[in-house]
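# An overview of the molecular structure
Below are the chains, spelled out letter by letter.
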Amino acid sequence: MTKTYQNGKASLSMVVTSLVITLLFAGLVGLIAWQRQGIPNENTDVREKRLKNLADLVADNDKVLTQYRWIDRTKGVVGIPVERAKQLVLADLEGNKPHPAGPVNPAPPAPNSNGAPAPTTNPAASPSPAAGVQPAAPAPGPNAPPAPVVNPQSVPAPSPAPAAPSPTPA
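As a starting point, this report considers the structure included with it.

Criteria and cut-off values
- Residues numbered from 1 in each chain as written.
- Predicted model: local features only at pLDDT ≥ 70, side-chain atom pairs only at ≥ 80, totals over all residues.
- Heavy atoms only, no water.
- Helix = DSSP H or I, 4+ residues; strand = E, 2+ residues; numbered from the N terminus.
- Buried < 20%, exposed > 50% of the residue type's maximum accessible area, 1.4 Å probe, protein only.
- Contact = heavy atoms within 4.5 Å.
- Areas by Shrake-Rupley, 256 points an atom, 1.4 Å probe, with all protein chains shown as cover.
- Pairing = 2+ DSSP bridges.
- Salt bridge = Lys/Arg side-chain N within 4 Å of Asp/Glu carboxyl O.

### Some words on the overall build of the protein
Scanning the protein from terminus to terminus reveals 3 helices and 2 strands. Put simply, the protein runs from its N terminus to its C terminus through helices and strands in the order α-α-β-β-α. For the protein, with 170 residues in total, the buried portion stands at 4%. The contacts in the protein between residues at least 6 apart in sequence include a share of 33% that link residues at least 24 apart. Counting every atom, the protein has about 15800 Å² of accessible surface; 63% of that belongs to carbon and sulfur.

Here is the structure:
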C-alpha cells in the first residue's frame, strides 16, 4: 500500500484561486453599488406633493370623523362624530335585550299510530300559546321524533276577532 502526500504547490494554487474569486466578487459588488448611486430613485418634487396630499387627506378624514356636519340639508340628514355614534348604538343595544330565537326549521308532524300523517290545523283557528292555552298535540308513536318546542315569544299574538252585531228586538 502506497501513501500519498499532498503536494504543497497544490494547496498554494487553491489559495490563490480562492483569493482571486473573492476579489472578483468584491469588485462586482462595488461596481453595482457605484452604478446604483447614479440612478435617481425619486423626484423630490413628487415626494413633497405626495406628502402634502396625504396630510390633506388625513386632515379631511379627521374632520369627517370628529365633527358634526350636514350631509343633506333638504332631507335633514346630519353626520355625527364616530364616538357619539358608538355611544348611541351602545345605549340602544343595552335597551334592547336579545330574546331566544324560535326553531328555524320546525320538525315535520309526527305520523299517527296507523301510519297516516298527522292532520294539520289552521293556525288562525287555534288559540295562541301567548294566551296561556297550549294546543293539543297527537300522541307520538313509538319511533316518532320528539315534538318541536314552540317559543311563546316567536309566535305572533292573534288579532282580536270583530265584534258580532247584537240582534235587535223586533
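### Remarks on the pairing of strand β1 (residues 69-72)
As judged from the 3 bridges shared by β1 and strand β2 (residues 77-79), these two strands associate in the antiparallel manner. Considered in β2, the bridge of Trp70 is made with Val78. Linking β1 to β2, which pair antiparallel, is a turn of 4 residues; within it Gly76 sits at a positive phi near 75°.

### A look at the pattern of salt bridges
What the rule picks out here adds up to 2 salt bridges. Lys86 serves as the salt-bridge partner of Glu83, at 3.5 Å between the closest nitrogen and oxygen. Residue Glu83 and its partner Lys86 are located together in helix α3 (residues 82-95), separated by 3 residues, close to a single helical turn. With relative accessibility at 51%, the residue Glu83 sits in the exposed group.

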